[in-house]
Amino acid sequence: MSNPLAVKIGKKLFSQHMEAYQPADPLYETYVDKKGRERRRKRELPPGLSARDAKILKAVQRRAHYLDKGFTICGMRFGWTFVIGIVPGVGDVADAALNYILVVRKARQAEIPDWLIRKMLTNNAVSALAGFIPILGDIILAAYKANSRNAALLEEFLRIRGEEYLKRDIERVENPAHVRPGAGREAGEHVPGKESTPPTGGWLKRLSKGGKGSNKSGGKSNESTPSPNANSTEPARRESRFVEDVPETMRESLHASAAKDNAPRTSRVRHPKPRFEVV
C-alpha cells in the first residue's frame, strides 16, 4: 500500500509540470488576497472595445473554458474535448468540429485579420492530429488546449484594438486597416474611456459666435450702451485708453508738455561779482 503523503506530493509535482505546458485559463485568473490565499476571479475585458467585440470575446472565453478546463483530476484540468476525444475516430472528428464551430467561427465575427485566423486553424490542426494517437494523443490534447490558445490570441488582438481606439489619431502606431480601431460600434454608441472630440475652429471662432469676450467692452454683452442723443448731465465714461479717444484739446496740451520735457536744457553761467570797485 502506497504512502498517502507520497501520493499527495506526486500529484502536486505532476500538476506543476502540467501547468508549465498549459495556457492560462481564458475565463478566470488567479490572485492572492490580503491573507495570502490564492483565489480565482473572472478576467476583466480589455478597455476600448465596442459592445459587439466585448460580447464576442466573452462568448469565446466561456466556450474555451468549458471545452478545455471544465474538470480537474489529479491536478490536471481538462474539458469536454478530452472526454469526447476518448472515443476512437469519431471523438477526434467531433472535437475538431466543435473547436472550429464554437470558437474559431465565433471569433471571426469580430472582423479579425486572416493571419490570426490561420494561427487559430493551426492550433486546431495540431490538436486534431494529436487526437489520432492512441492514449498518448488524448493526454497531449488535454495539455495543449487549442481553444484556450485561440481565446488568448483573440483577447490580445482585441486588447490592441481597444488601446488604439482610445488613442488620438496622431498617436496611433498600428495600421488602422489591420487593427480596425472602433470596429463594431453602432451609431451613437459610447465606449468608456474614449474622450469626446473637442470643438474645432479655435477660440477666436467660438468667441465670434457670441461667447464671452466677443465685444470690445471686456465681455459685458448684457450692458446697455448709452445713445448719443440721450440728455445726460455728465459725460459717459470712456473705457478705452487709446490716444485716439482722448479729446482734441487734451491731446494738444499733452503734446506741448511732452515737447517741453524733451527740449534740451542749457546751463546758465554765473559770473562772480568783483570784490573791489574800479575807480
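Scroll up a little and you will see the structure.
Residues numbered from 1 in each chain as written. Predicted model: local features only at pLDDT ≥ 70, side-chain atom pairs only at ≥ 80, totals over all residues. Heavy atoms only, no water.

1. A look at the overall build of the protein
Right, so step 1: In terms of regular secondary structure, the protein is built from ten helices and four strands.
Right, so step 2: Mapped from its N terminus to its C terminus, the protein presents α and β elements in the order α-β-β-α-β-β-α-α-α-α-α-α-α-α.
Right, so step 3: Contacts in the protein between residues at least 24 apart in sequence constitute 57% of all its contacts with a sequence separation of at least 6.
Right, so step 4: Total accessible area computed for the protein in this model is approximately 21,200 Å², and 57% of it derives from carbon and sulfur atoms. (Helix = DSSP H or I, 4+ residues; strand = E, 2+ residues; numbered from the N terminus. Contact = heavy atoms within 4.5 Å. Areas by Shrake-Rupley, 256 points an atom, 1.4 Å probe, with all protein chains shown as cover.)

2. Concerning the nonpolar core
The nonpolar side chains of soluble globular proteins are, as a tendency, buried together.
Right, so step 1: One finds Val60, Ala107, Ile112, Met120, Leu154 and Leu158 to be the most contacted residues of the largest nonpolar core, which totals 18 residues.
Right, so step 2: When contributions to this core are tallied by element, the ones reaching two or more residues are helix 2 (51-68), helix 4 (90-108), helix 5 (114-131) and helix 7 (146-166).
Right, so step 3: The element that contributes the greatest number of residues to this core is helix 2, accounting for five residues.
Right, so step 4: If sequence neighbours within four positions are ignored, valine 60 has contacts with Val103, Lys106, Ala107, Ala151 and Leu154. (Core = buried A, V, L, I, M, F, W, Y, C linked by side-chain atoms within 4.5 Å. Buried < 20%, exposed > 50% of the residue type's maximum accessible area, 1.4 Å probe, protein only.)

3. Structural notes on the pattern of salt bridges
Right, so step 1: All chains considered together, the criterion is met by ten salt bridges.
Right, so step 2: Between arginine 41 and glutamate 29 there is a salt bridge, with the nearest N and O atoms lying 3.2 Å from each other. Here arginine 41 is found in strand 2 (residues 38-42), whereas its partner glutamate 29 is found in strand 1 (residues 28-32), with twelve residues between them in sequence.
Right, so step 3: On the basis of relative accessible area, glutamate 29 is assigned to the partly exposed category, the value being 23%.
Right, so step 4: Between aspartate 33 and arginine 39 there is a salt bridge whose closest N-O contact spans 3.1 Å. (Salt bridge = Lys/Arg side-chain N within 4 Å of Asp/Glu carboxyl O.)

4. Considering the environment of proline 192
Right, so step 1: Structurally, the position occupied by proline 192 is in the loop between helix 8 (176-179) and helix 9 (202-207).
Right, so step 2: Judged by relative accessible area, proline 192 falls into the exposed class, the value being 61%.
Right, so step 3: On a C-alpha basis, the gap between proline 192 and leucine 49 in space is 8.4 Å, while along the polypeptide they are 143 residues apart.
Right, so step 4: Aside from chain neighbours lying at most four places away, what touches proline 192 is Gly48 and Leu166.

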